[in-house]
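Here are the chains, one letter per residue:
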Amino acid sequence: MPAIVIVGAQWGDEGKGKIVDIYTERADMVVRFGGGPNAGHTLVVGGEKLVVRLVPSGILRADTTCVLAQGMVIDPRSLVTELDELERRGIRTVDSAGERRLLVSDRAHVILPYHVLVDGLREKGKGAIGTTKRGVGPCYEDKVARRGVPLGAFRDPARLRELVTRAIEAWTPIIRDLGEAPPSVDETLAAVEPSRARILPLLVDSQALVERAVREGKKIVLEGAQGTLLDVDHGTYPFVTSSTPTAGGACVGAGVGPTRIDEVVGLVKAYTTRVGGGPFPTELHDDVGERIRKVGAEFGSVTGRPRRTGWLDLPALRYAVRVNGLDALAITKLDVLTGLDEVKVCVAYDTPRGRTRDLPMDELDHVTPVYESFPGWKQDLAGARTMAELPAEARSYLELVEREAGCPFILVSVGPARDETIVLRDPFTTPGR
Ligand code: GDP
Ligand code: IMO
Ligand code: MG
C-alpha cells in the first residue's frame, strides 16, 4: 500500500489542503513533514471553510491519524488555538476506537516568543523578504545552530529553562541590535506554560510511529507545506522559507527512507501566485492580474496579504518536476481562468545569453518570458467531473501544460469544494510507478 508525498510545485498556496483532504478519504495516516504556522491550508466542506496551519489537512477524516513530524517547527500557542478551533467545530482528535489521532513529534522544534519577535523586527528593516512573521526562520536557525528547543523539553521544566536560557543569551545581542529589549527567561516560559499541559499528551516518537505504519503497509499521505520555489536549497534564495518543502524534505522531515515512497504528486495552480518578495518573472501588474486575484480569492490565508498573480511558468514547472522527481501533477484553480479572453503560458525565457526552456535561477531578475497564447473560455467549469466535460479551449491548455511539463495529470480541480474535482487516477489503487 502506497506512501505518497504531496508537494507544492510553485511558491505555495497551490491548493495542497484541498487535495490532501481528498486523498485522506482513504488514507490511514497523514503526516506534515515541514514548515510551521507559516502554512495556511484551506479545506472547504459543505460550504464551510477551515484553515489549518499546523494540523495536517486529514483532520476532517474521522479515522485518519494526523502526525506533526519532527521536520516541523511548532508554536505551542498556535497549536492550542488550532486545537480549540477543532473542538469548537466538533472535530474530534480521537478516532472511533477512542485512540488519539492527532500526534506531535517530541523532536519537532518549538517556536518561542523571541523567534516571533526577531522575525517581526527583521521584517521592519532593509533585509525584509516578506516573511509571515511567525518566527519560522529564527526557529530553524536555532535548530541548525544546535541551540533549539525540541518539544520533548516540555516534559522536563528544568531542561526547558536551561535551553531557553541558552537561546535567549544567543539572541540578546541580535535583539538589542534591532532596537528592542530581549525578553526574560521567566516571561518566555510563562508564555508557553499554559499550552504545555495541552501538548504533553500528544507527544510521541513520530519517526517510529510513521515508519511502523509504512512497514505495516498502511496508506500514508506525506503532506507538504509551502512550495518548491520556497525551498531553502532549491528555491529563489534568499526569498525562500527556511525549510525543505521539496520531496526530499518529506523523507528527512518524517523520517521515512526514500525507498519507501511510492509516489510523488506535485500540485500546480493553472496560473502562478506568490506572497512576499522575490523574483516572479510572469507576474501581471494589469487588470488581468487583478481579476485573477479577485476571482481566485488570492489573499494570504495566514497574513491576509494580497497574493501577487501571474501566468503559469513552464520552465519553473519543469524545474519542479525534476527537483521533486514528480510522478504526477494535480492542477488546481482552472476555473479561475474562466472568462478571460486570452490565457497565456510562459514556455521559455529570453536571457542575456539567449533563449532557454530551463529556469535560470540566478538570472530571474533579468529574464523576459516567452508566452504562448490560448483563446479563453466562458463556460462555468465547476460542474465538470470528466475531461470531456471541459470546454475544448481549456482542454487544449491542459494538454499543452501536461506535454511541456513532461509529467501526467492525476487530477484537475475546478472549484474549492471536495467534489469540484476531476479525478483521473487514484494513487492508492493505481500507483503511478
Ligand atoms: P495551500 O496552502 O496549498 O493548501 O493553499 P491555500 O489554502 O493557501 O490556497 C488555495 C485556495 O484556493 C484556498 O482558498 C482553496 O479553498 C482554494 N482552491 C483550491 N482548489 C481550488 C480550485 O480548483 N478552484 C478554486 N476556485 N479554488 C480552489
Ligand atoms: P502554504 O503551505 C505561500 C513565504 C512567505 C515569504 C517566505 C518566507 O500555505 O503553501 P517564512 O515566514 O516562511 O519565513 O516566509 O515564504 N511562505 C509562503 N507563501 N504559502 C505558504 O505556505 C508559505 N509559507 C511561507 O510569504 O515570502
Ligand atoms: Mg496556503
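Draft legend 1. Molecular detail of the overall build of the chain. Scanning the chain from terminus to terminus reveals eleven helices and 20 strands. By the compact-globule yardstick of 22 Å for 433 residues, the chain fits well, its C-alpha radius of gyration being 21 Å. Projected onto the principal axes, the alpha-carbon positions of the chain cover approximately 65 × 55 × 40 Å. Relative to its full complement of 433 residues, the chain shows a buried share of 59%. By sequence separation, contacts in the chain at least 24 residues apart represent 74% of the contacts at least 6 residues apart.

Draft legend 2. A look at the site of ligand 1. Near ligand 1 lie 20 residues; those nearest to it are Lys-16, Gly-17, Thr-42, Asp-335 and Ser-413. Side-chain polar atom of Asp-335 to a nitrogen atom of ligand 1: 2.7 Å apart, as the coordinates give it. Gly-415 is positioned with one of its backbone polar atoms (N or O) 3.1 Å from an oxygen atom of ligand 1. Alone, ligand 1 offers 580 Å² of accessible surface; in the complex the protein occludes 93% of this. In a pocket analysis with a 2 Å cut-off to the grid points, ligand 1 is assigned to the second largest pocket. Listing elements by their share of the shell around ligand 1, those giving two or more residues are helix 1 (16-23) and strand 3 (41-45). Tallied by class, the residues present in the shell around ligand 1 amount to four nonpolar, nine polar and seven charged. Taken domain by domain, the shell around ligand 1 gets at least three of its residues from each of domain 1 (3-105 + 203-260) and domain 3 (267-423).

Draft legend 3. View of the site of ligand 2. Taken together, 19 residues sit near ligand 2, with Lys-16, His-41, Thr-132, Gln-226 and Thr-241 positioned nearest. Within the side chain of His-41, an N or O atom sits 2.7 Å from an oxygen atom of ligand 2. For ligand 2, an oxygen atom lies 2.8 Å from a polar atom in the backbone of Gln-226. Contact with the protein chains removes 98% of the 550 Å² of surface that ligand 2 exposes when unbound. Of all the cavities here, the one that holds ligand 2 is the largest pocket. Here the residues of the shell around ligand 2 sort into six nonpolar, ten polar and three charged.

Draft legend 4. Representation of empty space enclosed by the protein in the model. Taken as a whole and assessed by the stated rule, the structure comprises one cavity of 30 Å³ or more. Along the walls of the largest cavity sit Gln-10, Trp-11, Leu-229, Val-268, Thr-272, Asp-313, Ala-316 and Leu-317, which together make up its complete lining. Looking at the lining of the largest cavity residue by residue, the classes come out as five nonpolar, two polar and one charged. Both domain 1 (3-105 + 203-260) and domain 3 (267-423) contribute no fewer than three residues apiece to the lining of the largest cavity.

Parameters and conventions
Positions within a chain are numbered from 1, following the residues in the order the chain's sequence is written. Chains carry letters from A onward and ligands carry numbers from 1 onward, assigned in written order. Owing to the predicted nature of the model, reporting of local features is limited to residues with pLDDT of at least 70; listing and counting of side-chain atom pairs is limited to 80 or more, with chain, interface and lining totals taken over all residues. Side-chain descriptors were evaluated using all non-hydrogen atoms of the structure, hydrogens and water having been removed beforehand. In DSSP terms, a helix is any run of H or I states spanning at least four residues, a strand is any run of E spanning at least two, and both are numbered starting from the N terminus. C-alpha atoms define the radius of gyration in this analysis, and the globule rule sets the expected value at 2.2 Å times the number of residues to the power 0.38. To sort residues, take the accessible area from a 1.4 Å probe on protein chains only and compare it with the maximum for the residue type: under 20% means buried, over 50% means exposed, and anything in between is partly exposed. Whether two residues are in contact is decided by their heavy atoms: any pair within 4.5 Å suffices. Residues are counted as near a molecule or strand when any one of their heavy atoms sits within 4 Å of it. Nitrogen and oxygen atoms within 3.5 Å of one another constitute a polar contact, given that in protein one can donate a hydrogen and the other can accept it, and given that sequence-neighbouring residues count only through two side-chain atoms. Here the open area of atoms and residues is found with the Shrake-Rupley method and a 1.4 Å probe, where only the protein chains shown may cover a residue. Points on a 1 Å grid over protein atoms alone make up a cavity when a 1.4 Å probe fits among them but cannot get out, and a pocket when they form an open set with protein on both sides within 12 Å along at least five of seven lines; lining residues each have an atom within 4 Å of a point. The rule for placing a molecule in a cavity or pocket is simple: more than half of its atoms must lie within 2 Å of the grid points. Residue type decides the class: Asp, Glu, Lys and Arg count as charged, Ala, Val, Leu, Ile, Met, Phe, Trp, Tyr, Cys and Pro as nonpolar, and the leftover types, Gly among them, as polar. Segmentation into domains, and thus their bounds, comes from an automatic or database assignment. Grid points are joined across faces, edges and corners, and a volume is the space filled by probe spheres set on the points.

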